[in-house]
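# Fold and geometry: a report
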Amino acid sequence: MATTKEFLDYIVENLRKAGDISTRKMMGEYLVYYKGKLVGDVCDNCLYLKPTETVLRLMPDADRDYPYEGSKTRMVIVDDVENTELMTDVLDGMYEELPEPKKKK
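Residues numbered from 1 in each chain as written. Predicted model: local features only at pLDDT ≥ 70, side-chain atom pairs only at ≥ 80, totals over all residues. Heavy atoms only, no water.

## Description of the overall build of the protein chain
For the protein chain, the helix and strand inventory stands at three helices and six strands. In the protein chain, the succession of α and β elements from N to C terminus is α-β-β-β-β-α-β-β-α. Taken over the C-alpha trace, the protein chain has a radius of gyration of 13 Å; the compact-globule value for 105 residues is 13 Å, and the two agree within 12%. Its C-alpha atoms give the protein chain principal-axis dimensions of roughly 40 × 30 × 25 Å. Counting only residues that meet the buried cut, the protein chain has 41% of its 105 residues in that class. Here the contacts in the protein chain between residues at least 6 apart in sequence split such that 53% fall between residues at least 24 apart. Summed over all atoms, the accessible surface of the protein chain reaches about 6700 Å², with 49% contributed by carbon and sulfur. Measuring between centres, the 16 positive side-chain charges of the protein chain sit 11 Å from its 21 negative side-chain charges. (Helix = DSSP H or I, 4+ residues; strand = E, 2+ residues; numbered from the N terminus. Rg over C-alpha atoms; globule rule 2.2 N^0.38 Å. Buried < 20%, exposed > 50% of the residue type's maximum accessible area, 1.4 Å probe, protein only. Contact = heavy atoms within 4.5 Å. Areas by Shrake-Rupley, 256 points an atom, 1.4 Å probe, with all protein chains shown as cover. Lys, Arg positive; Asp, Glu negative; His and termini not counted. Charge placed at Lys NZ, Arg CZ, Asp CG, Glu CD.)

So, in structure tokens, the structure goes:
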């Protein structure tokens, strides 16, 4: 099942309360960026975040799964995207932990 436009809009609307969010369509689903850094995916109407130290610390009971068939990384499933304080803390922490995007030539 592909992600619906309505679900993507819902995720983006809630995450934008935390800061600079953008998405990019990729293989029928969406990549999620925070301040230009890739933080996760939206696949099959579900938000997945990379399992960084901050995510695992702030969301210790969150389920983990592969966002798509063939994925090599089990990611954290976000159920409480409407919790602006949590999402702000998670995204800010991830931003500090994730590497800078590679410069395009």
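Next comes the rest of the write-up.
## What to know about unusual backbone geometry
Positive phi is not limited to glycine here, since M27 has a value of about 55 degrees. Given the relative accessible area of 71%, M27 is considered exposed. Residue N45 is not a glycine yet carries a positive backbone phi of 55 degrees. Looking at where N45 falls in the secondary structure, it is placed in the loop between strand 3 (37-43) and strand 4 (46-49). For N45, a relative accessible area of 24% corresponds to the partly exposed category.

## Brief notes about the sheet that holds strand 6 (residues 75-78)
As summarised here, the arrangement of the six strands in space is 1-2-3-4-6-5, forming an open sheet in which the pairing is antiparallel. In the strand order of this sheet, the two ends are held by strand 1 (21-26) and strand 5 (64-65), each with one partner. Pairing of strand 2 (residues 29-34) with strand 3 involves five bridges; the strand directions are antiparallel. Bridge assignment links V32 to a residue of strand 3, and that residue is G40. The sheet contacts of helix 1 (residues 5-15) involve strand 1, strand 2, strand 3 and strand 4, and relative to strand 4 the element is tilted by about 45 degrees. (Pairing = 2+ DSSP bridges. Axes fitted to C-alpha atoms, helices over the stretch in contact; angles between N-to-C directions.)

## Describing helix 3 (residues 84-97)
The end-to-end C-alpha distance of helix 3 is 20 Å, a good match for the 20 Å that 14 residues give at a rise of 1.5 Å each. Looking at helix 3, one finds that the buried residues are L86, M87, V90, L91, G93 and M94. All buried residues of helix 3 lie within an arc of 165 degrees about the axis, which places them on one face of the element. Projecting away from the buried face of helix 3 at angles above 90 degrees are the exposed residues E85 and E96. (Expected span 1.5 Å × (residues − 1). Arc of directions from axis to C-beta.)

## Focus on the state of the cysteines
Per the counting criterion, the structure on display carries zero disulfides. For the unlinked cysteine C43, the closest cysteine sulfur is that of C46, found at 8.4 Å. (Disulfide = S-S within 2.5 Å.)

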